Amino acid sequence: MKESTKTILLFLGLILSLIFAPSCTKQETIHQSVCDGNCDATHIVVYKNQEIFPNGNGHYEIEWDGLNYFQIRGLLTPMNDQYVINGVPLIETRYDSDYWVIFDSLQFQTPMYSYLGWFTDQGLNTPISIGPYVYTMNDLINLHPPYNIAGYQLPKHWNTDSPVASSYVGSYSKYNYNPTQNFLLDDEMVGDTINIFIETIFNFEQGIWYHGHDAPVPGETIQTQIKVIVI
């Protein structure tokens, strides 16, 4: 083959490769707002199938009457269709409290201000008085993991330094707009005040960057605190 012919063929090949090469331009992605308007999470307190209304201070007083649990029931704003897959909304409600039970009869509380607020280096090492003894959460994890009245127990010998450690604790309700969670209640709690923390995540895929998109997936998180007084 003549050199001139080879040159022409190489030139044509270069032109074709430029024409049909895949574009490196990011795809413009239009995300709908998560909710049609503002996302909202409303939660009520229920005991013996009766709604408990807040007092003048915004606290919920439950008179213990033999039933060993109360409920938190939610009503969440429906999300736009983009965040509903095959009829299933990408929504999650998480529950926590500052009230713990150990050895089935001893109770203690941890200072906290948000969902899993105790799960910090400081929180895991805060001294906790239980009867005449003083422990930390790290001590209890190895001795006798306590039970949180929100419905979960710390795993024994739990590796709190693991990147996925927080996924082992807390209680969850997913894929529905009417979450319900039971909370332990008994006569030993009469006179105590319980802080309940609720985290509602509208689109739990929020923050993910999909390949080729020019923006992360949007979402919204709502934090709710409820104070329950047992009388």
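Structural data are supplied above this passage.
First, a word on what this report is: a plain description of the structure on this page. By convention here, each chain's residues receive numbers from 1 onward along its written sequence. Note on the predicted model: pLDDT of at least 70 is required for a residue's local features to be given, and 80 or more for side-chain atom pairs to be given and counted; whole-chain, interface and lining totals, by contrast, use all residues. The side-chain numbers reported here are obtained from all heavy atoms of the structure, hydrogens and water having been left aside.

**Examining the sheet that holds strand S1 (residues 41–47)**
Operational definition: At least two bridges found by DSSP between two strands are what make those strands a pair. By the criteria applied, helices consist of DSSP H or I runs no shorter than four residues and strands consist of E runs no shorter than two, each listed in order from the N terminus. Here an axis means a line fitted to C-alpha atoms, over the contact stretch when the element is a helix, while the angle between two N-to-C directions is reported on a 0 to 180 degree scale.
Taking strand neighbours across the sheet as the criterion, the 4 strands line up as S2-S1-S4-S15 in an open arrangement whose pairing is antiparallel. Among the strands making up the open sheet, the edge pair consists of strand S2 (50–52) and strand S15 (180–184). Taken pair by pair, the neighbouring strands of this sheet meet at an average axis angle of 35 degrees, ignoring direction. In this sheet, strand S4 (residues 69–76) lies alongside S1 in antiparallel orientation, the contact comprising 6 bridges. Each bridged residue has a counterpart across the sheet, and for Ile44 the counterpart in S4 is Arg73.

**What to know about the packing of aromatic side chains**
Stated precisely, the cut-off is as follows: Working definition: a ring pair exists when centres of Phe, Tyr or Trp rings (six-membered ring for Trp) sit within 6.5 Å. Plane angles under 30 degrees give stacked, over 60 give edge-to-face, the rest tilted.
If you walk through the whole model with that rule in mind, you get 10 aromatic pairs. Every member of this aromatic cluster is reached through a ring pair, and the members are Trp100, Phe108, Trp118, Phe119, Tyr152 and Trp158.

**Some thoughts on the nonpolar core**
In plain terms, the rule: Residues grouped as a nonpolar core are buried Ala, Val, Leu, Ile, Met, Phe, Trp, Tyr and Cys residues, joined through side-chain atoms within 4.5 Å. Here's how the labels work: a residue is buried when its accessible area is under 20% of the maximum for its type, exposed when over 50%, partly exposed in between, all with a 1.4 Å probe on protein chains only. Pairs of residues are marked as contacts when any of their non-hydrogen atoms sit within 4.5 Å.
Membership of the largest hydrophobic core comes to 40 residues, with the highest contact counts inside it found for Phe70, Ile72, Trp118, Met137, Leu154 and Ile196. Sorting the residues of this core by element identifies S1, strand S3 (60–62), S4, strand S8 (99–102), strand S10 (128–130), helix H3 (137–143), strand S16 (193–202) and strand S17 (220–230) as the ones contributing at least two each. If sequence neighbours within four positions are ignored, Ile72 has contacts with His43, Ile44, Val45, Tyr95, Pro179, Thr180, Gln181, Phe183, Ile196, Ile198 and Ile226. Core analysis: the next-biggest nonpolar cluster, separate from the first, contains 11 residues, Tyr83, Leu90, Phe202 and Ile222 among them.

**Some details on the pairing of S8**
Here S8 shows two buried faces, one formed by Tyr99 and Val101 and the other by Trp100 and Ile102. Looking at chain direction, S8 and strand S9 (residues 106–109) are connected through 4 bridges and run antiparallel. Bridge assignment links Val101 to a residue of S9, and that residue is Gln107. Hairpin connection from S8 to S9: 3 residues lie between these consecutive antiparallel strands, with Phe103 at a positive phi of about 55 degrees. Inspection of the sheet shows S8 paired to strand S12 (residues 147–148) by 2 bridges, in the antiparallel sense. Bridge pairing in S12 places Trp100 opposite Asn148.

**Observations concerning the state of the cysteines**
Defined as follows: Disulfide: a pair of cysteine sulfur atoms within 2.5 Å of each other.
The final tally for this structure, using the stated rule, is 1 disulfide. Cys35 shares a disulfide with Cys39; S-S distance 2.1 Å. With the S-S bond torsion at 105 degrees, the cross-link from Cys35 to Cys39 turns out right-handed. Of the two residues, Cys35 and Cys39, both sit in the buried class.

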